[in-house]
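Secondary and tertiary structure notes
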Amino acid sequence: MAETFLYNALRAALDEEMARDPNVFVLGEDVGHYGGSYKVTKDLYRKYGEMRLLDTPICENSFTGLAIGAAMTGLRPVVEGMNMGFLLLAFNQIANNAGMLRYTSGGNFKIPMVIRGPGGVGRQLGAEHSQRLEAYFQAVPGLKIVACSTPYNAKGLLKSAIRDDNPVLFFEHVLLYNLKEDLPEEEYLLPLDKAEIVRSGSDVTLLTYSRMRYHVLKAVDTLVQQEIDPEVIDLISLKPLDMETIAASVRKTHRVIIVEEDMKSGGIGAELTARIMEELFDELDAPVMRLASQDIPTPYNGTLEAATIVQPADIVAAVERLLYAD
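Here goes a summary of the coordinates provided.

Basis of the calculations
- Residues numbered from 1 in each chain as written.
- Predicted model: local features only at pLDDT ≥ 70, side-chain atom pairs only at ≥ 80, totals over all residues.
- Heavy atoms only, no water.
- Buried < 20%, exposed > 50% of the residue type's maximum accessible area, 1.4 Å probe, protein only.
- Helix = DSSP H or I, 4+ residues; strand = E, 2+ residues; numbered from the N terminus.
- Pairing = 2+ DSSP bridges.
- Expected span 1.5 Å × (residues − 1).
- Arc of directions from axis to C-beta.
- Axes fitted to C-alpha atoms, helices over the stretch in contact; angles between N-to-C directions.
- Contact = heavy atoms within 4.5 Å.
- Phe/Tyr/Trp six-rings, centres within 6.5 Å; stacked < 30°, edge-to-face > 60°.
- Polar contact = N/O pair within 3.5 Å; in protein donor to acceptor, adjacent residues only side chain to side chain.
- Right-handed = clockwise from strand over helix to strand, strands pointing away.

So, the pairing of strand E5 (residues 114-119)
- Where burial is concerned, most of E5 is hidden: six out of the six residues are buried.
- Pairing between E5 and strand E7 (residues 168-173): six bridges, direction parallel. Each bridged residue has a counterpart across the sheet, and for Ile115 the counterpart in E7 is Leu169.

Thoughts on helix H12 (residues 312-324)
- Look at H12: 18 Å from first C-alpha to last across 13 residues, which is about the 18 Å you get at 1.5 Å a residue.
- Where H12 is concerned, the buried positions are Pro312, Ile315, Val316, Ala318, Val319, Leu322 and Leu323. Across the axial projection of H12, the buried residues extend over an arc of 165 degrees, all falling on one side. Facing away from the buried side of H12 by over 90 degrees, the exposed positions are Ala313 and Tyr324.

Description of the sheet that holds strand E11 (residues 230-234)
- As summarised here, the arrangement of the five strands in space is E9-E11-E10-E13-E14, forming an open sheet in which the pairing is mixed. Sheet topology places strand E9 (196-199) and strand E14 (289-293) at the edges, where each strand pairs with a single neighbour. The mean inter-strand angle of the sheet, taken between neighbouring strand axes irrespective of direction, is 25 degrees.
- Strand contacts of helix H8 (residues 212-225): E9, strand E10 (204-208), E11 and strand E13 (256-263), with the helix running at about 170 degrees to E11, the strand carrying the most contacts.
- Relative to the sheet, helix H10 (residues 268-280) contacts E10, E13 and E14, its axis offset from that of E13 by approximately 150 degrees.

Points about the packing of aromatic side chains
- All told, the structure shown has four aromatic pairs when counted by the stated rule.
- Geometrically, the ring pair formed by Phe91 and Phe137 is stacked, given 4.9 Å between the ring centres and 20 degrees between the ring planes. On the criterion of sequence distance, the pair formed by Phe91 in helix H4 (residues 91-98) and Phe137 in helix H6 (residues 134-138) is long-range, its members being 46 residues apart.
- We classify Phe91 as partly exposed; its relative accessible area is 29%.
- On the basis of relative accessibility, which here comes to 2%, the residue Phe137 falls in the buried class.

Things to note about the side chain of Glu80
- Tracing the chain through its elements places Glu80 in strand E4 (residues 76-80).
- At 2.8 Å, the side chain of Glu80 and the side chain of Arg116 are in polar contact.
- The residues touching Glu80, leaving out its near neighbours within four places in the chain, are Leu27, Gly28, Glu29, Val31, Gly36, Ser37, Val40, Thr41, Phe63 and Arg116.

A closer look at unusual backbone geometry
- Of the consecutive residues Lys239 and Pro240, the connecting peptide bond is found in the cis state with omega at 0 degrees.
- Tracing the backbone through its elements, the reader meets Pro240 in the loop between strand E12 (237-239) and helix H9 (243-253).
- Even without being a glycine, Asp43 presents a positive backbone phi close to 65 degrees.
- For Asp43, a relative accessible area of 34% translates into the label partly exposed.
- Of note in this structure, Glu227 is not a glycine but carries a positive phi near 60 degrees.
- Its place among the elements puts Glu227 in the loop between H8 and E11.

A look at the pairing of E11
- Buried residues dominate E11, accounting for five of its five residues.
- Across the two faces of E11 the burial is the same, with Pro230, Val232 and Asp234 and Glu231 and Ile233 all buried.
- Bridge count between E9 and E11: three bridges; the pairing is antiparallel. When the sheet's bridge partners are listed, Arg199 is paired in E11 with Val232.
- The pairing of E10 with E11 spans five bridges and is classified as parallel. If you follow Leu207 over to E11, its bridge partner there is Ile233.
- Crossover connection from E10 via H8 to parallel E11: handedness right-handed.

A look at the environment of Ala306
- Within the secondary structure layout, Ala306 lies in helix H11 (residues 302-308).
- For the pair formed by Ala306 and Gln124, sequence separation is 182 residues and the distance between their alpha carbons is 9.4 Å.

Rendered as structure tokens:
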């Protein structure tokens, strides 16, 4: 076991997959000599050359389209979005090409590509650099969407995403890159479609993902002191949702709170609530609750920025309302 930062876990995944398969290459802005905005590709160009760590112009629609074309020919591109908010410039390529070509070609083409990079509310990065795009792409057919949350799952999920024959959107949170965890020295892969039961419990199911995993766990510390026993599930797979794991938990606790950093309107929580109500209504002892970010552009001011997202105290208060409401 070796203690590893999350960004180095991602780098190790890329290194191992590039060594294993010469068809894997990385492209994006400053991924080569500079090593990526958060050093996920640091020094890999020295090992694999500049054509496999391909520095691109600042033109997201062009290099995303290039990656899709490369994937159609059998290569396995990994696109790094310097900031995931910039990938809105490539929405057409991701939705109309990456997501649909395997279907519209009658299966003649596979699109084995990964689009990864940092997103989420950071430390005063401003509205355009604090985007959460998971809900933007959730309705696009043909895509898989994954949100890593620990160094362990970041490495195992990225390796699996690179080997998948479908386009995978791989969301990383800008504030999680410096997380540390002991990782196995032997190779491992993790499934792209499974949630993780972070903590077993019996009183309420807390569904979350990405950075909010840690806000939820802080809230749990307080709840346990009040003799409340929450179950915590990290969704990890945002498309498809792991309804089997979610359903098993709901049948045990009969109460659900969804905690996300995405916007409340049309967010992942909105889709989850609909699915739970459709498939598990008779198991619920109370309506599903959603905790999410304010429906406003993220302020630059640090105090205001913190006020727009869910905090641990908000989660504690929501659990108390759900359990003790008359």
